Amino acid sequence: MGGRVFQSFEKAWIRLKSEHGSISLFVLIMMIVLLPYTFWVGVHLPQKIQATYAIKQMAMNTADSIITRLDESALSDGRVRVDVEQGMEIADLMIRGTLNLDENYNPSGEGLLKERVPVWYATSLDGLDTVEDDGRVYYKLPEETGVYVYFLNEPERTFTVLTENGPIEIANTSVVVRANVPIETGGLASRTMITKTGVSEATLNESGG
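Residues numbered from 1 in each chain as written. Predicted model: local features only at pLDDT ≥ 70, side-chain atom pairs only at ≥ 80, totals over all residues. Heavy atoms only, no water.

**Examining the overall build of the chain**
Thinking step 1. Along its length, the chain carries three helices and eight strands.
Thinking step 2. Start at the N end of the chain and walk to the C end: the helices and strands fall as α-α-α-β-β-β-β-β-β-β-β.
Thinking step 3. Looking at the chain as a whole, 32% of its 209 residues qualify as buried.
Thinking step 4. In the chain, of all internal contacts separated by at least 6 residues, the share reaching a separation of at least 24 is 59%.
Thinking step 5. Of the accessible surface of the chain, which amounts to about 13,300 Å², a share of 54% is contributed by carbon and sulfur atoms. (Helix = DSSP H or I, 4+ residues; strand = E, 2+ residues; numbered from the N terminus. Buried < 20%, exposed > 50% of the residue type's maximum accessible area, 1.4 Å probe, protein only. Contact = heavy atoms within 4.5 Å. Areas by Shrake-Rupley, 256 points an atom, 1.4 Å probe, with all protein chains shown as cover.)

**Observations concerning the sheet that holds strand 8 (residues 191-201)**
Thinking step 1. Strand order in this open sheet of four strands is 1-4-7-8, and the pairing throughout is mixed. Two strands bound the open sheet, and with one partner strand each, they are strand 1 (119-122) and strand 8. Between one strand axis and the next, the sheet turns through 10° on average, direction left out of account.
Thinking step 2. Looking at chain direction, strand 1 and strand 4 (residues 146-152) are connected through four bridges and run parallel. Bridging across to strand 4, W120 finds its partner in Y148.
Thinking step 3. Most of the contacts of helix 3 (residues 84-99) go to strand 4, to which it runs at about 155°, and overall it touches strand 1, strand 4 and strand 7 (174-184). (Pairing = 2+ DSSP bridges. Axes fitted to C-alpha atoms, helices over the stretch in contact; angles between N-to-C directions.)

**Points about the sheet that holds strand 3 (residues 136-140)**
Thinking step 1. The sheet built from four strands is open, its strands ordered 2-3-5-6 with mixed pairing. Sheet topology places strand 2 (130-133) and strand 6 (166-170) at the edges, where each strand pairs with a single neighbour. Between one strand axis and the next, the sheet turns by 35° as a mean value, whatever way the strands run.
Thinking step 2. Of the pairings in the sheet, the one linking strand 2 to strand 3 comprises four bridges and is antiparallel in character. Paired with V131 across the strands is Y138, a residue of strand 3.

**A closer look at the environment of I67**
Thinking step 1. Locating I67 in the fold gives a position in the loop between helix 1 (2-66) and helix 2 (72-76).
Thinking step 2. Assessed through its relative accessible area of 10%, I67 is described here as buried.
Thinking step 3. Sequence separation between I67 and S200 is 133 residues; the distance between their C-alpha atoms is 6.4 Å.
Thinking step 4. For I67, the contacting residues outside a window of four places in its chain are V82, T173, S174, V175, S200, E201 and A202.

Limitation: the analysis is restricted to geometry and does not speak to function.
Take a look at the structure:
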């Protein structure tokens, strides 16, 4: 009788020990799988969201600020043109300030930027790749790392540029700011290219008083 009780107790103990080992192994596997994901969601995702918002605001605010720097002599003749020299100065200050770059457009070493982010200026869309669809020509903005600022003064025809949010038509004096900024948040897939575009247009208010 005592032998049977001991055997039953031994079997129950072995079964419990086996189940406990299986549970521990399962918990270990879940920790290995979920911990990096939890860390990414809790730390890296908020960093990416914050950086995306900052770069979006930089592109939009830079375009909005440049478009207010109008050429006074042209304006006195009833023409709307951006003062390119003043626009470049404003763009340089805003871009380097937002991205915390030095005078050579290198990152400070603090924050999410690890690569040089050059700034390019152009007064036309010449040289950009184009695509055609239903007889319309679309200009493709650059995808390489950098911030690209286009001063489009008094365009002779309507242009259509492709942005991350779809095509935008440009018929009047405009400024286009294309930002392709790589950030590194660490962890899995740490390098992410954030692409944002800001467009601002200037026209004369011809409504009579």
